Amino acid sequence: GTAWVALAIGQAAAIRPLVNALAESGEASLRRAILSGAGFIVLVALAGISLHLMFWLMMKCGWRMKTSCVALMHDKLLRCQASSVTASTGRIYSLVTSDAVRFDNLPSLYAPWFVALAMTASFVALLLDLDAPSAAAGLGVCAGSPAAPLR
């Protein structure tokens, strides 16, 4: 998770030299543009691999937790005496299974802290080029753009 965040910030930092090299003319700037572009492509590829690996590991962990929870409850229900259970065993098993499905949402646990980190990095990047009120307005656009289709 942290590697992906670092690579995403690295991509943002790698854009400026690429754009500056493309804006200039000459053979030296062309060489810099090619090297910057290659570096950016490597960062994008590494970020994609890192995100996929993080998602896969979290999904695998969620599957294992779900399976363990269902197996534990199934084992407990088989050991219970019929007189101690007030609801039907099938109903209890169904409720536990539907609750255990929530472990499938484990891969999205990184989202809240990543959003805060990405917004902070965006604000700092905007501050490098703009004054504070303009950077705050740009941050507002970044924050509001995902909600735009909801209107």
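Computed from a predicted model, the values in this text were never measured in an experiment.

Rules used throughout
Residues numbered from 1 in each chain as written. Predicted model: local features only at pLDDT ≥ 70, side-chain atom pairs only at ≥ 80, totals over all residues. Heavy atoms only, no water. Helix = DSSP H or I, 4+ residues; strand = E, 2+ residues; numbered from the N terminus. Buried < 20%, exposed > 50% of the residue type's maximum accessible area, 1.4 Å probe, protein only. Contact = heavy atoms within 4.5 Å. Areas by Shrake-Rupley, 256 points an atom, 1.4 Å probe, with all protein chains shown as cover. Expected span 1.5 Å × (residues − 1). Core = buried A, V, L, I, M, F, W, Y, C linked by side-chain atoms within 4.5 Å.

This part is about the overall build of the chain. A count of helical and extended segments in the chain gives five helices and zero strands. Buried positions account for 17% of the 151 residues belonging to the chain. Considering only contacts within the chain whose residues lie at least 6 apart along the sequence, 66% involve residues at least 24 apart. Taken as a whole, the chain presents about 10,400 Å² of accessible surface, with 70% of it coming from carbon and sulfur.

Below, the discussion takes up helix α2 (residues 27-79). The end-to-end C-alpha separation of α2 is 78 Å, in line with the 78 Å expected for 53 residues at 1.5 Å each. All of the buried residues along α2 are S29, A33, S36, G37, A47, S50, M54, M59, G62, V70 and L77.

Membership of the largest hydrophobic core is limited to six residues, which are W4, V5, L7, A47, M54 and F114. Among the elements of the structure, α1 (2-23) and α2 are those that each provide at least two residues to this core. In terms of residue count, the dominant contributor to this core is α1 (three residues).

By themselves, these observations are geometric and do not establish any function.
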